[in-house]
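Fold and contact review
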Amino acid sequence: RFLGSGMSSSSYSAIPLAEIDIPGLSASRFLLREARLLPYRDAKGNVNLHLCRQSARQLEGMPPSSGALAAADKPALTSKLNTWLRHVERWA
């Protein structure tokens, strides 16, 4: 399915968090890759419903000046994550 706005066709999953080895995920599965924070894709590269929900809750509670987030743009990250969350929730 084409998602528009520069995003290519994506696959989705609803694998439970308990079945995802978050520390074992490659850096590309995280919104903040270098810090390995805010995972949103599973090991197969699918946008995961539960990872997106968990990361949205984490991002909401992170102060804009905290650690890795200080170098990132919190509103842009929030927008990007909310977009993925909307798509994966429609899929689910």
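Quick look at the structure, then. Since the model is a prediction, treat every value here as computed from it, not as a measurement.

1. Regarding the side chain of Arg-41
- As for its placement among the helices and strands, Arg-41 is situated in the loop between strand E3 (37-39) and strand E4 (47-48).
- Of the side chains bearing the opposite charge, Asp-42 lies closest to the buried Arg-41, which forms no salt bridge; the N-O distance is 7.2 Å.
- Reaching out from Arg-41, the side chain makes a polar contact with the side chain of Tyr-40 at a distance of 3.4 Å.
- For Arg-41, the side chain forms a polar contact with the main-chain oxygen of Gly-45, separated by 2.5 Å.

2. As for the pattern of salt bridges
- With the rule as written, the count across this model stands at 1 salt bridge.
- Note that Arg-53 is salt-bridged to Glu-89, the shortest N-O span being 3.2 Å. With Arg-53 in helix H1 (residues 49-61) and Glu-89 in helix H3 (residues 74-91), this pair connects stretches of sequence that are 36 residues apart.

Each value, and the rule that gives it
- Residues numbered from 1 in each chain as written.
- Predicted model: local features only at pLDDT ≥ 70, side-chain atom pairs only at ≥ 80, totals over all residues.
- Heavy atoms only, no water.
- Helix = DSSP H or I, 4+ residues; strand = E, 2+ residues; numbered from the N terminus.
- Buried < 20%, exposed > 50% of the residue type's maximum accessible area, 1.4 Å probe, protein only.
- Lys, Arg positive; Asp, Glu negative; His and termini not counted.
- Salt bridge = Lys/Arg side-chain N within 4 Å of Asp/Glu carboxyl O.
- Polar contact = N/O pair within 3.5 Å; in protein donor to acceptor, adjacent residues only side chain to side chain.

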